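Listed below are the residues making up each chain.
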Amino acid sequence: IGPCGCTSDPLGDLSRTTKLVTEARGQGPTLVVDAGSLLYSKSPIPPQYEAQEELKADLLATTYKTELQVSALGLGPADLAKGPSKTRLPRSIANVTATGLEVVAPTVISDQALTGGIKVGVFGVALPEMITGVTASSPIEAGKAAVAELKKQGAQLIVGLIQAPSKKDAVKLMRDIGGIDLAVAGLGALTPEPERIEIEAQKVGDGWIVVPANRGQIVSKVEITMRGA
């Protein structure tokens with residue numbers, strides 16, 4: 001939530017992220033999504049860090065809702081340290097139906113200010129090993145059903161929020177589901193350091209995938225132009 005000071009030019013910081021998003025919105029329609037694994041630094045949480053971790057999670061959730069106005073938020077391992085009832089924000093996760101977790105169905109977003117009038121379909125999936133503590137079905141079957149439902153609702157661009165243990169697994173899941181134009185992947189504990197991320201979205205079939213850096217150190221910005229249909 002703040003720069004750690006461990007480098008000469010500290011990365012990360014929630015206020016920097018908010019400023020980047022505000023600047024982007026000033027330049028044109030801007031849709032903010034997050035693959036999840038947001039709230040906690042440790043799981044389980046040691047007793048001496050309990051208050052600190054809860055305060056941080058509260059601040060992140062409030063900022064995501066009020067300042068960043070995140071349109072879709074996936075579910076990942078760092079969200080579940082205190083169980084599904086403490087995830088704080090609704091989650092876009094198509095392969096989970098869990099008591100205590102507020103799940104958002106695959107959604108088509110067409111708000112002019114966010115998408116420029118393009119109908120953007122968003123859904124999330126996670127490999128079951130990434131979200132222990134909730135019951136997860138097959139992410140491939142759920143993902144295919146979500147893509148079909150979004151297309152039925154008229155989505156022109158489909159965004160998938162993916163939680164997987166590696167980029168290879170995320171790419172495979174994206175290919176197996178099919179129909180995803182842009183995937184945002186979270187890799188849990190293996191989310192890369194800034195120097196190990198790709199500086200451009202990577203082509204996967206007919207779509208693209210981005211893997212942001214860990215701890216909010218790098219924000220991935222993808223500019224999309226729709227031509228014709």
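Shown above is the structure to which this text applies.
The text that follows walks through the structure, step by step, so that each part is easy to find. These numbers come from a predicted model, not from an experiment.

**Points about the overall build of the protein chain**
Counting secondary structure elements, the protein chain contains 5 helices and 10 strands. A compact globule built from 229 residues would reach a C-alpha radius of gyration of about 17 Å, and the protein chain, at 17 Å, matches this within 12%. With 229 residues in all, the protein chain has 44% of them scored as buried. Nonlocal contacts in the protein chain, meaning residues at least 24 apart in sequence, comprise 65% of its contacts between residues at least 6 apart. Counting only carbon and sulfur atoms, one obtains 53% of the accessible surface of the protein chain, whose full area is about 12000 Å².

**Here's the deal with the environment of D13**
Along the chain, the position of D13 falls in the segment before α1 (14-27). For the pair D13 and Q217, spaced 204 residues apart in the sequence, the C-alpha separation amounts to 7.3 Å. Leaving out residues up to four positions away in the same chain, D13 has contacts with I1, G2, P3 and G216.

**Regarding the pairing of strand β8 (residues 182-186)**
Of all 5 residues in β8, 5 are buried; the element is thus mostly enclosed. By the alternation rule, side chains of β8 split into L182, V184 and G186 and A183 and A185, which are all buried. Each parallel crossover has a hand, and the one from strand β7 (residues 157-163) via helix α5 (residues 167-177) to β8 is right-handed. In the sheet, β8 pairs with strand β10 (residues 207-210) via 3 bridges, with the strands oriented parallel. Bridging across to β10, V184 finds its partner in V210.

Cut-offs used in this document
Residues numbered from 1 in each chain as written. Predicted model: local features only at pLDDT ≥ 70, side-chain atom pairs only at ≥ 80, totals over all residues. Heavy atoms only, no water. Helix = DSSP H or I, 4+ residues; strand = E, 2+ residues; numbered from the N terminus. Rg over C-alpha atoms; globule rule 2.2 N^0.38 Å. Buried < 20%, exposed > 50% of the residue type's maximum accessible area, 1.4 Å probe, protein only. Contact = heavy atoms within 4.5 Å. Areas by Shrake-Rupley, 256 points an atom, 1.4 Å probe, with all protein chains shown as cover. Right-handed = clockwise from strand over helix to strand, strands pointing away. Pairing = 2+ DSSP bridges.

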